[in-house]
Each structure stands twice: as C-alpha cells, then as structure tokens.
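# A closer look at the structure
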There are 2 protein chains.
Amino acid sequence: PKSVKDNVVNFTLEAKKLGQDDPRKIYHALKVGFAITVVSLFYYFQALYNGFGVSAMWAVITVVVVFEFTVGATLGKGLNRMISTCVAGFLGVVAHYLADLSGETGEPILLALFGFIVASILTFMRFFPKLKAKYDYGLMIFILTFALVAVSGYRDDEVIKIAQQRLATILIGSCIAMLICILISPVWTGAELHNLIASNMEKLGNFLEGFGSEYMTTKDEKSKEEKSFRQQYKSVLGTKSTEETMANFAFWEPSHGKFKFRHPWKQYLKIGALIRKCAYSIDALNNYLNPDILQTPEEIEEMMREACKKLSNELGKVPKEAAIGLKKMRKTSTPKTQLAETKEAAKELKRLLQDTSVWEKSNLLDVLPAVTVASILIDIVDCVESITEAVHE
Amino acid sequence: PKSVKDNVVNFTLEAKKLGQDDPRKIYHALKVGFAITVVSLFYYFQALYNGFGVSAMWAVITVVVVFEFTVGATLGKGLNRMISTCVAGFLGVVAHYLADLSGETGEPILLALFGFIVASILTFMRFFPKLKAKYDYGLMIFILTFALVAVSGYRDDEVIKIAQQRLATILIGSCIAMLICILISPVWTGAELHNLIASNMEKLGNFLEGFGSEYMTTKDEKSKEEKSFRQQYKSVLGTKSTEETMANFAFWEPSHGKFKFRHPWKQYLKIGALIRKCAYSIDALNNYLNPDILQTPEEIEEMMREACKKLSNELGKVPKEAAIGLKKMRKTSTPKTQLAETKEAAKELKRLLQDTSVWEKSNLLDVLPAVTVASILIDIVDCVESITEAVHE
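Residues numbered from 1 in each chain as written. Chains lettered and ligands numbered in written order. Predicted model: local features only at pLDDT ≥ 70, side-chain atom pairs only at ≥ 80, totals over all residues. Heavy atoms only, no water.

## Description of the overall build of chain A
Counted only if it meets this: Helix and strand labels come from DSSP, where a helix needs a run of H or I of at least four residues and a strand needs a run of E of at least two; each type is numbered from the N terminus. Only protein chains enter the accessibility calculation, which uses a 1.4 Å probe. A residue is then buried if its area is under 20% of the maximum for its type, exposed if over 50%, and partly exposed in between. Here the accessible surface of atoms and residues is derived via Shrake-Rupley with a 1.4 Å probe, and residues count as covered only by protein chains that are part of the display.
Within chain A one finds 17 helices and zero strands. Out of the 393 residues belonging to chain A, those deemed buried represent 53%. For chain A, the exposed surface amounts to about 17,900 Å²; the carbon and sulfur share of it is 61%.

Here it is, written out as structure tokens:
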C-alpha cells in the first residue's frame, strides 16, 4: 500500500503548510480542544452534574457548534443560540399548557399542529435575505427548541424544568465558547475585513506597477515565466461573498483595537465593489500581456511604451497610497497628490494619441492592442479615483 | 406605532414576493413542517417511545438540522451525520473502555485528554480545503459525538446503550429528512447548477445582442432608461462561490432526470469560469454605453455602428445557441455554424479598421471609444469560442 503512505505524507505536508501559512488556525484548534475540556468539567464534578442532570450534554454540544474561527462568527452564533433558545423555550412551554387544556386526546393533535405551523413559518422566514444574513442560525435553533420543548412536554410533566435546564446549559456553553474565543488570541472579523480590503487595493497597485514594467517587453526570454502580480489580482475578482459574510459577522463584534462597535462596515463593502470593478478592467489588461497576440509595429511601440509605462506606474501608486492611508486609518493628502500626477500622465498619453503625425502611417488594426491598452488605462484612472474617494469617506 | 404596521405590511409584501418568485420555497417550508410532525410521532406513540427513551429527541434535532432546501445539501448533511455518528460513537466507546482500565482517578484525566486531542486535531482538519468542501459537517459531528459518548460514559455505565440509541435515532431522523426531501417535489442541486450555467450564458447573449442595438444610439431620449440587459449580466460576475457550493452538493445526488450519478459537475465549474471571464470583458463594454463619455465624430460613427452592431448581434447568438444545446443536453452543430458567422463579422470589422482612408482624417483620441469597443468585441470572439468548446465536451 504505497498509495496509503503517499496519502499520509501528502496529508502531513498539507497540514504543515496550513499551519505555517496561518498559525492562528493551530491556536484555534487548541482553543476548541480547551473549551471542550472546560465544559466537560460539568460531568466530572459530581456537584455540578447533580444540578443539571442529562441536560449538561447541551453545554458540550453548544461549545462544539458555536465555536468558530473568528470572534464575530462565534458571537453571532452564540447570541443567536441563546436568545432563540430563550424565546422558543418560553413559547414551547406556553404551547404545552395550551395543548394541556384541550384534554387527553386533543393534546397530541394540538401539539403536532403547533409544531407544524411554527416549523413551516420559520423555515420560510429563513429565505428572507435580511434575516438569512444575520439570524439564520437563530431561526433554526428556534424551530429546534420549540419542537423539543413542546414535544418532550407531552411525555414528561416537568416541562418547565427541562426548558430551564436546557436554557441554563446553553447559556453556560455559549458563554464558555465566547469567552475563550475572545480572551485567548482572538481573531477579529472586522480587522480581517479591514486587512482584506487594504490588501486587495495593494494587489491592484502591484498589478498596475508590474504591468508598466512588463508591458511590451514580452519578447524577452525571461518574462516568459508567469509573474506573481498577474496571479495576485485574480483573487480580488471573486471576493464579493467573502466580504459580505465578513461584514455580517463584524456586525456582532464589540469595540476592539482601532475599531469601534458599529464601525461602518458597509462602507467596506462599497470600497470592495469599486475595487472589483477596477479588477475587471485589469483582467482585460492582463490579456494584452500574452506574447502571442498581434504585435505592434516597432516605431509606435517605442513611443507608446514610455507613455503607458508612466501612466501605469502612477496608477499603481494610487491604490497603494490609499491602502497605506486605510491601514493607518488616517486621512492624508498623499493619495490626492498622487492622483493629480496620475491625471497628468493620462493627459500625456492622450496628447500622444491626438498627435496625427504619429499614427497616419500605420493602419488601425496593427496598432489596435496598443490603443486598447491605452484606452483601458485611461478608464482605470476614474476607477482608481472613485476608490480613493470611497476610502476617504 | 405606525412604523410597526409598516413593518408588518412590508414583511407580508416581501413574503408574498418571495413565494411568487419561487413557490418551491413555500413547499420546502411545508415539507420541513411535515417532517417534524412525522418525527414527533416517536414521542406520541408510547410503544416507540419506550424503545428509545429520551434519545428520541435526537431524531427531532436531526430532522431540523439536516433538512435543507436542495436534495444535494440534505443528502450531504444526512450522510455526513450518519457516518460520523457511527464512527465517532464507536471510537467514543473504545475511549471509554480504555479510560476505564486506568482506574478511578485516571479515568476522568484520560477522558479529558482524549477529548482535547480529538477535538483539536479534527478542528484543525476542518481547515483543509478538500475536507471543508464536502465533509465539514461530518467533522463537526464527529467531535460532538465523540465528546458526548466519552464524557457521558463516565457518568453512566450504559455507554453502549446510549451510543446505540443515539445512532439509531439519528439514522431514523436522517432517513426521514432525506426521504421527504427526495420524494415530495424535490429540488435537485444538479439541475439548479445546470440551469444556472445555461441562464448565465443566456444573460451574456442578451447583453451582447442588446449592446448591438443600443450602441451609439444613446443620444436618443428613450434609451435613457436603464435597459434590463445591462443589469442582468452583473449577476454573472459574482456567482463563483455559488457554483462551487452547488457542485459540492450535486456530488451527493443520485441519478435524477437527465443527470446520472457522478455527472461531470466539475465541467460546469470550468464553463462557469469561462463565462465569468467573458462577463468581465462585457463589464468593460458596458462602460461605453454611458451617454456622457467622449463622443465619436459622426462620419466614423456611422461606419462603425453597422459593423459593431453586426458583430455584437452575431456574438450574442453564440452563447444563446450553446445554452439551448446545454439545456437539451445534445451536441448540435448550430453553435459551430453560428461561430463561423461571427468570425466572418469580426473579419469585416477588422477590414474596416485596416482601411486607412477612413481613419486618416481624424485624430486617435476622438475615435478612441469606438476603437476600444471594436477591440473588446473582437476579443470576446475567442472568449465565446472557448465557452462553446467547453460546453461541447
């Protein structure tokens, strides 16, 4: 079984890589292990166990289910679980008593009916986009708790005791999970989102600067190896859903570090959308770095190269400056000065395009790639300007 | 409290809209209600209850947690839950006996240690991208079951009985959820993915056809209203993560309708990526429909309009034909014929660009938008060709 050995080796290598790339993932795993050990104490100590009975297992379940990688996700799940259990438990008890009034035969029918109605309505509510974003887990727990309390109430006349125990153990479990998540090397979703947006801006800048030095030198042997900047920006194209999820989690986080409670996380989504808009244009530019596309006549090439290089370099600096400003969370004038220089470079390129004497010798199809690159670069100026403005807000 | 009334009205309107847009969501809610009612029978009938005792609540929990909108998601969760509970329950019992051997004081320490190690390793494994995609839920349930069986084993010497009951009730709950999900108006992820890809191709086609008729007629009063085709394609830009999730769910689905078990769902991701690539270029085109951008001199405009219109229209037909082929799941030659016609139209546009007599009178900056549009349209030909090829595979 060589393949088994290979699999184990691969697995170990992958695990090592994951841990090296982000040691916080290892800490997270240890934190979960620790939290479960803490909550197991409820079983090990006779005194605590007597208080809760079998319900103590709910604390273990809660810790496993609620504990997530980031503080925002853990708080969101923990609060959803606590509040839902509380409200649904109360309603479950009420439903139980209502059903009890209707006598021996009516009781199971009424309980089944209540269960059906509550489950159907709440399941449908989970489709509402606004509720789904922040309270999806809470709605599920609501259905669960209501069904459990109402149903188990029929078998056991200690309904209220069961509801209380379940609530108490879930509160304990949630609090242990949330406290350990926050107190031991916490990972804040808000800070992650902040860094993601800043690093996405840097990736745009890297591409534009890299494009400037790479463009029209593709005949060189060296440049055949794919440059990293051409891969980096691709990750920016698909981050929309990640950003939205992160903004929803960040909503739950208390004040931490540079961020206040109720930091304007939605503004990050706006910046993210503008960055992506810019990345789409960059994706179009990236096609023109392929060496096998139509080549431009050499005389034109030389003239265009300088102007495009200049503009692309200046363009690249704008999102980089904006990223620095965002990281420091301070409004500076550097991006604005940089923007003015970029516009100057764009004007120069436009002047070159206007100069009829340059172009009349060649036919348009031959210079098409060069002209398109110039046009896209000029469009990106507006794009980058709107990013700078959004960051400034 | 007028605002409360407003909220209720809004809520009702939104619910009505959701239900009308996709009545399957209403059916799903009713299915969940029905499944919970069915599983409640375990409590209501004395005989069944005596067999399982308190563990019967696991069946209720399983139904609530496992029942998802699509068959693929439900099967994935159900199978993960059953297999994980089975394996982890067995290991939990083993751990319990091992700990038992070490005597009165050693037992809790060993159990806590086992719990810590298993929870930490499995939590870390949840970060592995491959495992996360398909078995994330299973890993969580593994931690949960192991902790529960090992821990509750210390209090109660009927460990094996507990493990067996938990396993049996979870099997029953999962099976009820999966059966009801499959038998009553099922929503197959595979079919959804198939339709999503086809409709994304149609959206590309709609944009390109719409662009052809809209382009360079923007001075018109009528066209000031935003056309729907300009909004449609935007939803294509961000579907990457949706498609990946759907492909992962579809993996679990058995043969249904036109799709066999182990249908090549990965091919859909490939087509999806190509469609998105094309949509990025289309996003660049969309900028040129704004009436406030640089206007082209009229003489050039007229010439370009016809050629661009032709190419854009032909281009639009290609993904639409491919979508029809995909929907019918039949390889036809229509997209290929259409592609040939499109290439002809592209050649015509190229000839126009090569014709020096047309362009020498004007400076390049004035005709820049027209030229860029032409260039992007020509690039989209390759894009659309690769989509057609990928669909053909």
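## Structural notes on the interface of chain A and chain B
Our working rule: Residue contacts are counted whenever heavy atoms from the two residues lie within 4.5 Å of one another. A simple way to read buried area is as the amount of 1.4 Å-probe accessible surface that goes missing from two parts once joined, with both sides added. Whenever Lys or Arg places a side-chain nitrogen within 4 Å of a carboxyl oxygen from Asp or Glu, that contact is recorded as a salt bridge. Side-chain atoms alone can form a polar contact between residues adjacent in sequence; in general such a contact is a pair of N or O atoms within 3.5 Å, and within protein one must be able to donate a hydrogen while the other accepts it.
Contact with chain A, which involves 71 residues of that partner, is made by 71 residues of chain B. Both sides of the chain A and chain B interface together cover about 7,200 Å² of buried area, and 75% of this is carbon and sulfur. The interface formed by chain A and chain B contains two salt bridges. For B:Lys277, the salt bridge goes to A:Asp283, with nearest N and O atoms at 3.2 Å. If you look at where chain A meets chain B, you find seven residue pairs in polar contact (both at pLDDT 80 or more). Examining the composition of the side of chain A that touches chain B, we find that 13 residues originate from one element, helix H2 (residues 24-44) of chain A, more than from any other.

## With respect to the relation of the copies chain A and chain B
What counts here: A least-squares superposition brings the copies together, and it is based on the C-alpha atoms of residues with pLDDT no lower than 70 in both.
In the superposition of chain A on chain B (RMSD 0.1 Å, axial shift 0.0 Å), the rotation amounts to 180°. With respect to symmetry, the two chain copies, as superposed, fit the operation of a two-fold axis. Interface overlap between copies is the fraction of interface residues in one copy that are interface residues in the other; for chain A against chain B it reaches 100%, indicating a shared surface.

## Here we look at the side chain of B:Arg81
All names here are of chain B. Put simply, the test is: Positive charges come from Lys and Arg alone, negative charges from Asp and Glu alone, with His and the N- and C-terminal ends not counted.
Residue position: Arg 81 is located in helix H5 (residues 71-101). For the buried residue Arg 81, which engages in no salt bridge, the nearest side chain bearing the opposite charge is Glu 68, 10 Å off. In this structure the side chain of Arg 81 is engaged in a polar contact, spanning 3.3 Å, whose partner is the side chain of Thr 62.

## What to know about the packing of helix H9 (residues 189-214) of chain A against helix H12 (residues 240-250) of chain A
Residues and elements named next belong to chain A. What counts, and what does not: Working convention: axes come from line fits to C-alpha atoms, limited for helices to the stretch in contact. Angles between N-to-C directions cover 0 to 180 degrees. For any pair of crossing helices, the crossing counts as left-handed if the nearer helix is rotated counterclockwise from the farther one by less than a right angle, and right-handed if it is rotated clockwise. Note on residue classes: Ala, Val, Leu, Ile, Met, Phe, Trp, Tyr, Cys and Pro are nonpolar, Asp, Glu, Lys and Arg are charged, and everything else, Gly too, is polar.
Packing of H9 against H12 leaves a shortest axis separation of 8 Å and a crossing angle of 145°. Considering how the two elements wind past one another, H9 and H12 form a crossing that is left-handed. On H12, the residues touching Thr 189, Gly 190, Glu 192, Leu 193, Leu 196, Ile 197 and Asn 200 of H9 are Glu 243, Met 246, Ala 247, Phe 249 and Ala 250. For the contact of H9 with H12, a count of residues per class yields seven nonpolar, three polar and two charged.

## Some words on the side chain of B:Lys203
In this structure, B:Lys203 sits in helix H9 (residues 189-214). Although B:Lys203 lies buried, it forms no salt bridge, and the closest oppositely charged side chain, B:Glu202, sits 8.5 Å away as judged by the N-O distance.

## Section: the pattern of salt bridges
Residue and element names in this part refer to chain A. According to the stated counting rule, one finds 23 salt bridges over all chains in the structure shown. A salt bridge links Glu 202 to Lys 327, with the shortest nitrogen-to-oxygen separation between them at 2.9 Å. Linking Glu 202 in helix H9 with Lys 327 in helix H14 (residues 298-328), this pair joins segments that are 125 residues apart in sequence. The class of Lys 327 is partly exposed, set by a relative accessible area of 39%. Connected through salt bridges with shared partners, the residues Asp 22, Arg 24 and Glu 192 form a single ionic network.

## Quick look at the packing of aromatic side chains
Convention followed: Here a pair means two rings of Phe, Tyr or Trp (six-membered ring of Trp) with centres within 6.5 Å. Their orientation is stacked below 30 degrees between planes, edge-to-face above 60, and tilted elsewhere. Note on geometry: a ring has a charge over it if NZ (lysine) or CZ (arginine) is within 6 Å of the ring centre and within 35 degrees of the ring normal.
Evaluation of the coordinates by the stated rule reveals 16 aromatic pairs over all chains. Between A:Phe251 and A:Trp252, the ring centres sit 5.1 Å apart and the planes meet at 85°, which makes this aromatic pair edge-to-face. Taken together, the ring pairs in this structure connect A:Phe11, A:Phe69, B:Phe124, B:Phe127 and B:Phe128 into an aromatic cluster. Against the face of B:Phe251 rests B:Lys134, its NZ or CZ located 4.3 Å from the ring centre.

## Points about a nonpolar patch on the surface
Just so we agree on the cut-off: Each patch is built from salt-bridge-free residues with over 30% relative accessible area, joining like charges within 9 Å and nonpolar side chains (Val, Leu, Ile, Met, Phe, Trp, Tyr) within 5 Å.
Together, A:Ile83, A:Val87, A:Phe90, A:Leu91, A:Val94, A:Leu98 and A:Leu101 give the surface a local cluster of nonpolar side chains, amounting to about 680 Å² of exposed area. As for its placement among the helices and strands, A:Val87 is situated in helix H5 (residues 71-101).

## Notes on unusual backbone geometry
The phi angle at A:Ser185 is positive, at roughly 30°, despite the residue not being glycine. With respect to the helices, strands and loops of the structure, A:Ser185 is situated in the loop between helix H8 (159-183) and H9.

## Section: the state of the cysteines
A covalent bond between the sulfur atoms of two cysteines is what we call a disulfide. Residues and elements named next belong to chain A. What counts here: Disulfide assignment relies on a single distance test, namely cysteine sulfur atoms paired within 2.5 Å.
In total, this model carries zero disulfides over all chains according to the counting rule given. You can see Cys 278 has no disulfide; the closest cysteine sulfur is in Cys 383, sitting 4.0 Å from it. For Cys 278, a relative accessible area of 0% puts it in the buried group.

## What about the environment of B:Ser174?
Residues and elements named next belong to chain B. On the secondary structure map, Ser 174 appears in helix H8 (residues 159-183). When the C-alpha positions of Ser 174 and Ser 255 are compared, they lie 20 Å apart, and in sequence the two are 81 residues distant. Those residues in contact with Ser 174 that lie beyond four places of it in its chain are Thr 62, Gly 78, Arg 81 and Met 82.

## Section: the confidence of the model for chain A
Residue and element names in this part refer to chain A. Note the threshold: The predictor attaches a confidence to each residue, and that confidence, scored 0 to 100, is pLDDT.
For chain A, the average pLDDT comes to 80, and 87% of its residues sit at 70 or higher. Below pLDDT 50 for its whole length, residues 221-225 participates in three contacts with residues either more than four positions away or in separate chains. Complex prediction metrics read pTM 0.86 and ipTM 0.85.

## Observations regarding the packing of H9(A) against helix H13 (residues 265-287) of chain A
The packing of two helices is summarised by the inter-axis angle and the distance between the axes. Residues and elements named next belong to chain A. Note the following rule: Orientation categories follow fixed angle ranges, with anything under 35 degrees roughly parallel, anything over 145 roughly antiparallel, 65 to 115 roughly perpendicular, and all other angles oblique.
The interhelical angle for the contact between H9 and H13, taken along N-to-C directions, is 25°, at an axis separation of 10 Å. Of the possible angle classes, the one that applies to H9 and H13 is roughly parallel. When you trace H9 past H13, the crossing you get is left-handed. When H9 is examined against H13, the residues Gly 190, Leu 193, His 194, Ile 197, Asn 200, Met 201, Leu 204, Phe 207, Leu 208 and Phe 211 are found in contact with a partner set consisting of Trp 265, Tyr 268, Ile 271, Gly 272, Ile 275, Cys 278, Ala 279, Ile 282, Leu 285 and Asn 286.

## A look at the environment of B:Glu192
All names here are of chain B. With respect to the element layout, Glu 192 can be found in helix H9. Given the relative accessible area of 22%, Glu 192 is considered partly exposed. On a C-alpha basis, the gap between Glu 192 and Ala 307 in space is 37 Å, while along the polypeptide they are 115 residues apart. Ignoring sequence-local partners within four residues, the contact set of Glu 192 consists of Arg 24, Val 187 and Met 246.

## Re the environment of A:Val38
All names here are of chain A. Note on placement: Val 38 falls in helix H2. C-alpha separation for the pair Val 38 and Val 63, spaced 25 residues apart in sequence, amounts to 9.9 Å. When residues no more than four places from it in sequence are discounted, the contact partners of Val 38 are Ile 176 and Ile 180.

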